[in-house]
Amino acid sequence: MRGLLESVIENNRGFAMDGKVASYIPLLSKADPNHLGICVTTLDGKEYTAGDSSVKFTMQSISKVISLMVAILDNGTKNVFSRVGMEPTGDGFNSIVNLETKNYNKPFNPMINAGAIVTSSLIEGSSAEEKIDKILSFTRKITGNDSININEEIYLSEKETGDRNRALAYFMKGNKSLRGDVEEVLEVYFKQCSIDVCCSDISRIGAMLANDGVLPWSGERVISREVSRIVKTIMVTCGMYDESGEFAVHIGIPSKSGVGGGIMASVPKRMGIGVYGPSLDEKGNSIAGIKMLQELSRELDLSIF
Ligand code: GLN
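A. Structural view of the nonpolar core. Ranked by internal contacts, the top residues of the largest apolar core, which has 62 residues, are Ile 66, Met 69, Ile 117, Ile 142 and Leu 209. When contributions to this core are tallied by element, the ones reaching two or more residues are α2 (63–75), α3 (77–81), α5 (113–122), α6 (128–143), α8 (163–174), α9 (182–193), α10 (199–210) and α11 (225–238). The residues contacting Ile 142, other than those within four sequence positions of it, are Ile 66, Met 69, Arg 204, Ile 205, Met 208, Leu 215, Trp 217 and Val 222. Listed in part, the 23 residues of the second largest apolar core include Leu 5, Ile 251, Ile 290 and Met 292.

B. Representation of the packing of aromatic side chains in the model. Tallied over the full model, the rule gives four aromatic pairs. Look at Phe 57 and Tyr 276: their rings are 4.4 Å apart centre to centre, the planes differ by 5 degrees, and that puts the pair in the stacked class. Of this pair, Phe 57 sits in strand β4 (residues 57–58) while Tyr 276 sits in strand β8 (residues 271–276), and the two are 219 residues apart along the sequence. On the basis of relative accessibility, which here comes to 4%, the residue Phe 57 falls in the buried class. Residue class for Tyr 276 comes out buried when judged on its relative accessible area of 2%. For the pair Tyr 189 and Phe 190, a centre-to-centre distance of 6.0 Å together with 55 degrees between the ring planes defines the contact as tilted. Accessibility assignment for this pair places Tyr 189 and Phe 190 in one class, buried.

So, how was this worked out
Residues numbered from 1 in each chain as written. Predicted model: local features only at pLDDT ≥ 70, side-chain atom pairs only at ≥ 80, totals over all residues. Heavy atoms only, no water. Core = buried A, V, L, I, M, F, W, Y, C linked by side-chain atoms within 4.5 Å. Buried < 20%, exposed > 50% of the residue type's maximum accessible area, 1.4 Å probe, protein only. Helix = DSSP H or I, 4+ residues; strand = E, 2+ residues; numbered from the N terminus. Contact = heavy atoms within 4.5 Å. Phe/Tyr/Trp six-rings, centres within 6.5 Å; stacked < 30°, edge-to-face > 60°.

Below, the structure written as structure tokens:
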């Protein structure tokens with residue numbers, strides 16, 4: 001496996017040149033576009049890494065999977081999905097258009113920004129701090145990594161430039177799809193996006209989901225089989241935004257990307273995979289990360305379809 005991962009890294013290095021590191025959150029632009037890392041966590045708890053697998057990056061939208069799980073643990077599936085839909089949009093991750101033109105009164109799905117802002121608002125707690133602490137401790141548990149924390153600099157950078165997310169949130173507050181204090185919800189959202197991880201952290205999250213909600217390294221159940229099934233399904237249909245269809249055809253693995261350059265992938269009953277490459281394609285997904293997953297999927301026959 002290690003040899004395979006090494007060659008996956010080498011074969012796909014060149015693709016980074018075809019994309020761009022995110023810069024709309026200014027501090028993200030400091031990432032080295034040549035970094036490329038991969039980690040595989042198998043369901044017997046073994047871990048294999050190659051490339052820049054220990055380089056840290058912020059979770060960004062991968063955190064939407066975590067806030068969805070925490071919101072479901074707090075409120076139950078039915079209540080969460082009465083406030084956010086399950087349908088892919090075919091639009092960009094930060095699109096606002098459907099909030100006004102489609103008469104749903106709730107954002108389409110929890111993987112786009114609008115939907116994730118609503119799921120974060122559903123997490124129980126008396127302050128933003130309490131809510132983010134809950135997200136952090138759940139993240140530490142499902143990564144088996146107690147040192148996981150927020151990257152304060154990225155958080156501040158995102159907060160300073162997050163007007164598009166502010167617009168989404170205030171619009172939703174105006175049409176009653178978002179309740180509570182908008183600035184508090186945004187603080188939780190910006191902070192969850194700024195959680196620092198490396199490839200093995202996200203690979204373990206993928207492995208937990210692949211193992212139907214049970215941590216492979218300890219046997220502890222953290223979410224029900226049913227919730228794990230729902231989360232993986234939404235990752236297939238919405239996890240790569242408006243590239244989810246093409247990704248399903250070429251790779252066929254439930255996955256969630258973030259503009260930090262990470263992709264968390266979960267191959268049911270087999271393994272979790274974490275890839276990192278901060279150079280992004282036009283849809284905001286790691287360009288070399290997708291290519292690496294494509295090669296691995298082909299080599300190990302990982303497509304679920
Ligand atoms: N924090 C980012 C944002 O809200 C997350 C987007 C992403 O990773 N696609 O814009």
